[in-house]
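# Summary of structural features
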Amino acid sequence: MSSKAGTPSNVPGTRTTTNYDKLSEDIDQLIASSSTKSSTVASFGRDLAARRDAERQERERKERERAEMAERERAKREKQEKERLEMERLEQQRMEATRAEREKADKERLERIERQERERAEREKSERERLELEKLERERAEAAERERRAGDRAAKEKEAEQRELERREQEKQRRDAERMEQERREADRREAEMVAAERERMMAADRERKAQRSATAEDADAPVDENVSVDLAAVERTLIIVTPDYIQGLMMTLQADTTPTPTPEDFTSPEGFAMWQQTMGMSLQEVLSELLKARYIDGPERLRREAEINRRKKEEPKEPAGPSTAIKIFFKVVSAQGLLSKEGRTRDAYCTIAYGADPDPDDDKRRNQQVFNTEVVKGTNNPTWNQHLNITATNLTDKVVVAVYDKAKDHFLGRVKLGFQEMITASAKEGYVGRWYPLEGRGNSKDKYVGGEVSVEFSLNQKENEASGPSTVQAPSNADPAALLQSQLVNCRVNFKSLYKTLLRSCLVMDNNVLAAQFAPHPIPDSTLEILSAESKSLLTVLGRLWAVGDAFRVIAYLGLLFEKYKGYEIPTSSLLNAYETLYNNMRKKQGWLSSYEEPALIDLLDQMQSYYRTQVTKYKEFYPKNMPRGALETTILMLRMIHKNPIYRDAHPGIPESFRDELKSVMNEAAMARYQKLSELTSPFDETDVEAVVEGVEKLAEMLSEEIEQDHKYFMKPFSRELDIVRLTAETYLKHLVLTLEDNASVIASDEAVRSASKTVFALYKRLRVMDERYARMVPGLKRLSLNAGFNVERWFAPFVHKWLEHLGERTLEWVTNAVKADNFEPIVPPGTGGGNDGLHHSSSIADLFSAVYQELDFIADLGWSNVVQNALFLQAFAKTVNKAIEQYCDAIALGELKVDAGKEMGWRDLLVNKTANGPRDIGNESCVKLCNIEYAMSKLDDMYRMMNVKALTQTIKNHRATLMPPRRGANASGGSDDSNSVSGAFKIQILYGENLKPCNKNGLASPYVVVRVPEGTVLPPDEDMQAGGAGAAAMARSSTGTTGSSSASTLGRPRSSSSSGSSGAAPAPTVLNGSACEMARTRTISDSINPTWDETFQVMLPPVSRLEVAVLSRNLLTADEVAGKNSINLQSLKKKLADHQTHDVFVEMDPQGRILLRLTLEGKDEDVDFWFRRSKERLVRLRNDFVRALTTRINPYVREVITKAIKDHEAAPVPSKSFFSSLTTTAQLSDKTASGASIEERVSASDADAALAPLTDYLNKNLATLCEILSTRMAQELIRRIWDETLSIVEGTLVPPLYGPVERDRRVLNRRQVSMADWTVRIMRDFFHADGEDLGLPIRHLETQKYVWVTSLVEAYLVSDLARLKREYELGLLAGRDKEYLLRLVRLRYEKGEEAEREEGRKWVESQLVKRKEVSRIVLMLSCW
């Protein structure tokens, strides 16, 4: 490099310093040579030297004193400043402690108030619950009787349900058992009939013999009483059916009957009742017991005994005895149980029956014995045969042997031996005998499978073979007790109908108990048609005819008693239905069967039955819960229908409808209305002014109605299907009355109180009604249409409430944001290094909580299922607006402290001093990175919500709706209030953020910039806008701004001068022309000493119709006029389409001559939709993300600038020390060719030295970039790294050359070769550092080698070129070729400004000419691009 590039001879002031040194040396030589001339001259020289030394010492002393004084003053100031800072710190601590105590006291007070509120609410709730319990208690008291009657049935139903599974499992076995039991009974009946026929035949033969004996006997004492014989025969015939055991049981039932009898109504006259009390003194039950005993127990036995005595007296043993007696024995093998078999196997069992002289089935000879085999019952260890035979016993020593075998294996399973004498004795005592006998073995080794029991039954028919002989029968010595009782009843004039009813009641009770015991533990089956047994029917028939009780009365009495039993749930419904069918058939088939005397009793019975069944049908859910027992409700409706169709009942009630369906529909309508009224009263609140209680009551009412209709559809649709559609009838009635209830409470539902305190309950009511409307429309065809015609429109009632709720939701959402931010310490939910959450982001809790709440509300709105698509779109639009407000507030909250200063913490002189004197680099904290992750998380969630809500379809719906309401006017301007297609007007928001690389305006290379935004001079303000902006006679525009401190201001400018004056008061107002200060729209504050300022201020203005805005950046100067640092204009016409969407748009304004500023413009408008609010939210997040990235980059840049500047400055040439006094007085120091460390400025810096110089920077970046990489996403971390790389290149470029405009710094030098090599090393090392071999988050080479990188590397190469002419020629050629190499122009300008004075002016002219050419070329290029 030549000496002109950087040698000391080229440094300004070097030639002057050399001349002064030479002159000083000449003076010293002159003084030395003249010392010998004279003493005067010598004395003068010495005095001059002494005076010079004294003056020098005095100056040095004063300098030391001034330095010491300055040091003391500085120490004193530092001490005072420390004391003041300490006092301020203590005062701050005291204030913070006081504030904390105050906050604690406020918090305790709020907690106390909240606790009191909760206690009051709990008391009110307890009071409401108490009142509701009292109300329910009253309801229970009213329903106590019903529950008492239904209790037993419900218990039985519950027990039946519990045993349902077991019953199903045993159903087949039970059916088989019933079938076998029926077969056994049928066989018994046939056997009994055979026995009765045989006995009748034998008695007839005996009577013939007796008649013959009476006719031929010579020694007869008296004639035979034929009446006694006939009565005896009748008694015998009766005993065939009415057994003594039955009579005994009936007598016990009569004795257990506690019904008070008799009453006067039980007699035909009062005298009879009096006579009964005098003579009888017993109840009817006791008389009936005596009558039955005398007639059916004592009477036959007495007659038989007397007949036997007469027979023995008449018969004399005149003839020898005949042959031995043969006895007929009826023998049956019923079943066996517990037969032994191998585990898991069964038997195919059968029996052998052998009888005779010691029969043995295993004896092959089988002498004097007969053997019979039963059928084989397969596959069971408990077989049932039910097979019998008649055995003739001729010898009492004979036996019957029953042996059991297995047919499949031919195994012997056991046997039983019964002697004839044992069987005859048992039959004589007990009659028909049935017993279980254990199976026994044969006593050999083959009896290993013997075990179990066998059931046999037997009875005997004795055939007498006696010789004939005379016999006589004595007449009875005593009168018949039965006849005596009968005569007494007649004498007392007893009403035999009452006596019959008493007997009928006891028969019914006894037979019903027998059936209940037979089927226990199960209830009597519904298939049971008859309760009375055959014995009871026979007895009642005999005595009814004896007492002359008519058939109609007997049927009515039986039906009445069954009905009483039915009401007590003691008999099955089928029995009552069968009795009524008997009554109805007799009335229909037998003319005159029902006498007029019996009609009143029948009508009274039918009225009772109709009232009872009507109550059951109208309260069917209480009497038949879940339609249990099965078929009971259908039978009840059938009984009602049969009663309704009964001619006797219809004659007695001529006003009833002809059709039973009409009657039942009317009854059920009344029942449904009564049920609704009851439910309404049950759910009505105690305090009608309590909005929450009112809404809860309506919601509970709707829930109960829904359950009622669901039960009808699930359980009761089939029972009513023959007569009516119970679901349709109930739903229509309930919904019709529910509409009236909702209409009465519509104002309460839409009230503000409901929105604040009962919104959850209101929405529960809405969903309940919605489900009812939709479900019952599907359940009952045609109900939807009917409900709409009836006014059942759920959305019509709830739409006002939803609108108010959405407004309230906006307020609540802002509270959520505030609380979420306060509670968040901005630490990642998922710790760094674990890969992040599901989305890969290390966000904090506040943004997750916020979107969790937002998504809950979105799901809530979606769950409404709003059918009106327009209203639903408007709801979601309001929701999107709320989300936008929440995001706006959240962005402002997290920007506080990062991008903006807290309004409550204004920066004072102490803070400025601390910031100015702060040492060390500023690290990027985790909190800043977490906030940036929160922004990314919010953007991803917002995109998900956009897709989930199908915002495009919602926006189109709203646009179509608006088009139908208000078609667009012709010539209307969507972007503003003006119809001028070339202008924009209306409410305008301007946010001025920051500037970059502005023109320096002082000798330090800095400026104090502020921004002014204006409309062009001469802008016309229309009259209507003039009136709107400033009122009558004023043209004013309101201006408000919000800056970093959060302050706002508003001012009204006076009327500017107008080019036209207003006419008279009656004339139309003239337009206003804006000039001067009236054109100013916005003015920011001043940022001192910066060419990269940040203002971040927002202005709300009313923009008149304009097509452009003028933007100017000025630098504040306290002494002279403010200097223009840059200016340009914004073409609103080209931005009109972008601004028409009413979103915020970033506009970079390129300043002339250099630099740019960022403005954010928003044209306010009313044409808002869902997409508008989503785009606004997204753009707000994008802007905040960019601002955070810029802020983080700005936080790192100072230390990067410090290290790089120091690394390059350390290699500048060191100054040459002064040689004499005069040289020390010069202002410009000489520079050596060595650096301060002694290295030559012509040598390049080694790689190791460059690495060592940049090591603090790389360590600092490694530390901060590690934080970025751990917390931020890959894309965001690389974006920050790229920004830092761009700033690093800008710093290196600014160190090499100054800006193109503005003065050059006084202390700036042209870098030497060593410094240039250090700059080159800096670019290389930092490029490799940020590339990181392409691993992990290292930037790709294509992202590092940008246009800025090419310029800086080219600048480094050009810096080593010393020929200015070459540099100038290269720049000119590049400009002509369309390649503006600005860095060459800046380098040439630096060389001229720091070169020779003579060349400086020439160089400035050349630079200015090139700037003019540069602007012309830029204009031509712009024109060509537009063309």
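The structure we're discussing is the one just above.
A brief look at the structure comes next.

### Topic: the overall build of the chain
Scanning the chain from N- to C-terminus turns up 45 helices and 22 strands. Of all intrachain contacts in the chain linking residues separated by at least 6 positions in sequence, the fraction that spans at least 24 positions is 75%. Entry remark: accessible area of the chain is about 78000 Å², with carbon and sulfur atoms responsible for 51%.

### Considering the environment of leucine 559
Structurally, the position occupied by leucine 559 is in helix α15 (residues 551–567). Residue classification places leucine 559 among the buried positions, given a relative accessible area of 0%. For leucine 559 and asparagine 578, which are 19 residues apart along the polypeptide, the C-alpha to C-alpha distance reads 9.3 Å. Sequence-distant contacts of leucine 559, that is, excluding residues within four places in its chain, are made with Leu576, Ala579, Tyr580, Leu583, Leu605 and Met609.

### Considering the nonpolar core
Judged by nonpolar contacts, the single largest core of 240 residues is most densely connected at Phe720 and Leu1261. The biggest single contributor to this core is helix α36 (residues 1170–1209), with 16 residues. Discounting chain neighbours no more than four positions away, the residues touching leucine 1261 are Ile1196, Val1200, Ala1266, Ile1284, Met1326, Phe1329 and Phe1330. Core analysis: the next-biggest nonpolar cluster, separate from the first, contains 37 residues, Met1081, Val1101, Val1106 and Met1151 among them.

### Let's talk about the sheet that holds strand β17 (residues 1108–1115)
Ordered in space as β15-β10-β17-β18, the 4 strands form an open sheet in which the pairing is antiparallel. Every other strand in the sheet has two partners, leaving β15 (1080–1083) and β18 (1123–1131) as the edge strands with one partner each. Taking each pair of neighbouring strands and ignoring which way they run, the sheet shows an average axis angle of 20 degrees. Judged from the 6 bridges that link them, strand β10 (residues 1009–1014) and β17 form a sheet pairing that is antiparallel. Across the sheet, the residue bridging to proline 1009 is serine 1115, located in β17. In the packing of helix α35 (residues 1132–1139) onto the sheet, the strands contacted are β17 and β18, and the crossing angle to β18 comes to about 60 degrees.

### Some remarks on the packing of helix α30 (residues 869–895) against α36
Between α30 and α36, whose axes approach to 8 Å, the crossing angle comes to 15 degrees. Here α30 is positioned roughly parallel relative to α36, judged by the angle of their axes. In the crossing of α30 with α36, the sense of the turn from one axis to the other is left-handed. By residue class, the composition of the contact of α30 with α36 is 14 nonpolar, 3 polar and 5 charged.

### Some details on the packing of α15 against helix α17 (residues 599–618)
Following both chains from N to C, one finds α15 and α17 inclined at 25 degrees, their axes separated by 11 Å at the closest point. Between α15 and α17, the angle is such that the two are roughly parallel. The two elements α15 and α17 cross, and the hand of that crossing is left-handed. Taken together, the residues of α17 that come into contact with α15 (itself represented by Ile556, Leu559, Gly560, Phe563, Glu564, Tyr566 and Lys567) are Leu602, Leu605, Gln608, Met609, Tyr612, Tyr613 and Gln616. Within the contact of α15 with α17, the residues separate by chemical class into 9 nonpolar, 3 polar and 2 charged.

### Remarks on the pattern of salt bridges
In this structure the tally under the stated criterion is 71 salt bridges. Close ionic contact of arginine 74 with glutamate 78 constitutes a salt bridge, the shortest N to O distance being 2.3 Å. Of this pair, arginine 74 and glutamate 78 both sit in helix α3 (residues 39–142), separated by 4 residues, roughly a single helical turn. Note on arginine 74: relative accessible area 35%, which makes it partly exposed.

### Topic: α36
The terminal C-alpha atoms of α36, which comprises 40 residues, lie 58 Å apart, in line with the 58 Å expected from a rise of 1.5 Å per residue. Of all the bends in α36, the largest measures some 30 degrees and sits at isoleucine 1196, one to four residues before the proline proline 1198. Burial runs high along α36: 28 of the 40 residues are buried.

### Some thoughts on a positive patch on the surface
There is a patch of like positive charges on the surface, built from Arg109, Arg112, Arg115 and Arg118. Summarising the element assignment, arginine 115 is placed in helix α3. For arginine 115, a relative accessible area of 40% translates into the label partly exposed.

Conventions we followed
All residue numbers refer to positions counted from 1 along the written sequence of the respective chain. Where totals are concerned, whole chains, interfaces and linings use all residues; where local detail is concerned, this predicted model gives features only for residues with pLDDT of at least 70, and gives and counts side-chain atom pairs only at 80 or more. Remark: hydrogens and water are excluded; side-chain values derive from all non-hydrogen atoms of the structure. Only DSSP runs of H or I with at least four residues qualify as helices, and only runs of E with at least two residues qualify as strands; both kinds are numbered from the N terminus onward. When checking whether two residues touch, look at their non-hydrogen atoms; a contact exists if any pair is within 4.5 Å. Note on areas: Shrake-Rupley with a 1.4 Å probe; residue coverage comes only from the protein chains shown. Think of it in three bands: with a 1.4 Å probe and only protein chains considered, a residue is buried below 20% of the maximum accessible area for its type, exposed above 50%, and partly exposed in between. Definition of nonpolar core: a set of buried residues of the types Ala, Val, Leu, Ile, Met, Phe, Trp, Tyr and Cys, connected through side-chain atoms within 4.5 Å. DSSP bridges decide pairing: two strands pair if at least two such bridges lie between them. To obtain each axis, a line is fitted to C-alpha atoms, and for helices this fit is confined to the stretch in contact; angles are then taken between N-to-C directions over 0 to 180 degrees. Angles below 35 degrees are treated as roughly parallel, those above 145 as roughly antiparallel, those between 65 and 115 as roughly perpendicular, and all remaining angles as oblique. Throughout, a crossing is termed right-handed when the near helix is turned clockwise from the far one, and left-handed when it is turned anticlockwise from it by less than a right angle. Amino acids outside the nonpolar list (Ala, Val, Leu, Ile, Met, Phe, Trp, Tyr, Cys, Pro) and the charged list (Asp, Glu, Lys, Arg) are all regarded as polar, and Gly is one of them. Just to be clear on terms, a salt bridge is a Lys or Arg side-chain nitrogen sitting within 4 Å of an Asp or Glu carboxyl oxygen. For a helix, the expected span equals 1.5 Å multiplied by the number of residues minus one. Here the bend at each residue means the angle between axes fitted to two seven-residue stretches, the one ending at that residue and the one beginning there. Patch membership requires over 30% relative accessible area and the absence of a salt bridge. Like charges are linked within 9 Å, and nonpolar side chains (Val, Leu, Ile, Met, Phe, Trp, Tyr) within 5 Å. Neither His nor the chain ends is counted toward charge; the positive residues are Lys and Arg and the negative residues Asp and Glu. Lysine's charge is taken at NZ, arginine's at CZ, aspartate's at CG and glutamate's at CD.

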